[in-house]
Amino acid sequence: MTLPALQNTGVFYRRILSQFPQDISLAFAYGSGVFKQHGTSQGQMEKNMLDFVFAVDDPVTWHTMNLLQNRKHYSILKLVGPTKISSIQNDHGASVYYNTLVPVDGRIIKYGVISTDSLIDDLMHWKTMYVAGRLHKPVKMLVHSENGKLRAALVSNLKSAVTASFLMLPESFTEEDLFLQIAGLSYAGDFRMVIGEDKSKVVNIVRDNIQHFRILYSNILRDCSQVVYKPAQGKLEVDKSPEGQFIQLMALPRTLQQRITKLVDPPGKNRDVEEILLQVAQDPDCGAVVQQGISSIVKSSSITQSIKGIATAGLWKSMSYSSKKLMKMWKGWRRKPSVSQLS
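Nothing here was measured: the structure is a model prediction, and the numbers come from that model.

Brief notes about the packing of helix α3 (residues 59-69) against helix α4 (residues 82-91)
At their nearest, the axes of α3 and α4 sit 8 Å apart, and the two run at 125° to each other. Taken together, the axis directions place α3 and α4 in an arrangement best described as oblique. The handedness of the crossing between α3 and α4 comes out as right-handed. Here α3 contributes P59, V60, H63, T64 and L67 to the contact with α4, which in turn contributes P82, T83, I85, S86, Q89 and N90. Of the residues belonging to the contact of α3 with α4, the class tally is five nonpolar, six polar and no charged.

Here's what the structure looks like:
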């Protein structure tokens, strides 16, 4: 199954990609510079920074070539060379190396580089949920190789987002409820949502992009035996029995199961995962436990990746980027929707 993102990349995106080494297994653009968000005009959207992620099979070779082509994109870390840069990328934070506030073709862009293996690991197991979480939401797919393992991992990640959301939602809910839950997964526990991000970010992402979310998730919802999906009415009903919830818990990514186990199992008992998840499935607070597990993954990776970002971006760019985020947060507060607007 091909990830059903927008496939018409256009000359604009092809021009940007042409300025980077071409050995890329997956490339996508995301964020408020690519998809219109609620409360943002077209003019504002065109001024927003464009965000990219490039997955590469061989980070050392890719950074070697990129340092030759785009040395100015890097902070002072360019002096340590491609092998050390790749080590910083792979061994710290969320295994992503970002260059930010880069001028390209009249726009300002930020791009993250991740190894294909690290991406597959995150998609399958939610090790950090950093890139996996971005791919829970609509993206503009620019490069998509024929790597079968990667394609399967992309679909697995979407299925996991649906399953985790089912566990946190009531028995009956709307498409919009589901998409809001999915879009919020990667922000649960993110310290940047306390300071640095617009608090209405999740609502803004979903409100003007419902159709993009439908394209992304409709086939998964139709094929899922755990839910009754009524696309014409935009409504869903999910199995909330202990048996149904146990099946959903057993289908969650490995890291999330481990985090749930750590939350529930007292130290020293060392029960197996299946036994613990069976207990959680019968708990009225099952959804809250899943939420806590997700938050613990996101909190850890958001902090470590942000610390790494200060080094990879450089101090001046980090301060500039942070000030822009704080300004967006302030604007979000000023236009914060009322409860009646959200219902």
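This is not the end of the story, as more comes after the structure.
Regarding helix α5 (residues 116-125)
Each turn of an α-helix holds 3.6 residues, which means side chains three or four residues apart point in the same direction. Considered for burial, the residues of α5 that qualify are T116, S118, L119, I120, D122 and L123. Packed against the buried residues of α5 are β1 (26-30), β2 (50-56), α4, β4 (107-115), α6 (130-134) and α7 (148-168). Positive phi shows up at W126, right after α5, with a value of about 55°.

Focus on the sheet that holds strand β7 (residues 227-230)
Spatial ordering of the open sheet is given by β6-β8-β7, a layout of three strands whose pairing is antiparallel. Lying at the two open borders of the sheet, with one neighbouring strand each, are β6 (172-174) and β7. Between one strand axis and the next, the sheet turns by 20° as a mean value, whatever way the strands run. In this structure, β6 lies alongside strand β8 (residues 235-238), joined through three bridges in antiparallel fashion. Within β8, the residue paired with F173 across the bridge is L236. In the packing of helix α8 (residues 175-184) onto the sheet, contacts are made with β6, β7 and β8, and the angle to β6 comes to roughly 85°.

Details of the nonpolar core
In terms of nonpolar packing, the biggest core is built from 67 residues, with Y217, L249 and I294 touching the most fellow members. Looking at this core element by element, the count peaks at 10 residues for α7. Once residues lying within four places of it in the same chain are set aside, the contact partners of Y217 are H136, L158, A161, V162, F179 and I182. A29, F52, L67 and V102 belong to the second-largest nonpolar core, a separate cluster that totals 26 residues.

Definitions and cut-offs
- Residues numbered from 1 in each chain as written.
- Predicted model: local features only at pLDDT ≥ 70, side-chain atom pairs only at ≥ 80, totals over all residues.
- Heavy atoms only, no water.
- Axes fitted to C-alpha atoms, helices over the stretch in contact; angles between N-to-C directions.
- Helix = DSSP H or I, 4+ residues; strand = E, 2+ residues; numbered from the N terminus.
- Parallel < 35°, antiparallel > 145°, perpendicular 65-115°, else oblique.
- Left-handed = near helix turned anticlockwise from the far one by under 90°.
- Contact = heavy atoms within 4.5 Å.
- Nonpolar A, V, L, I, M, F, W, Y, C, P; charged D, E, K, R; others polar.
- Buried < 20%, exposed > 50% of the residue type's maximum accessible area, 1.4 Å probe, protein only.
- Pairing = 2+ DSSP bridges.
- Core = buried A, V, L, I, M, F, W, Y, C linked by side-chain atoms within 4.5 Å.

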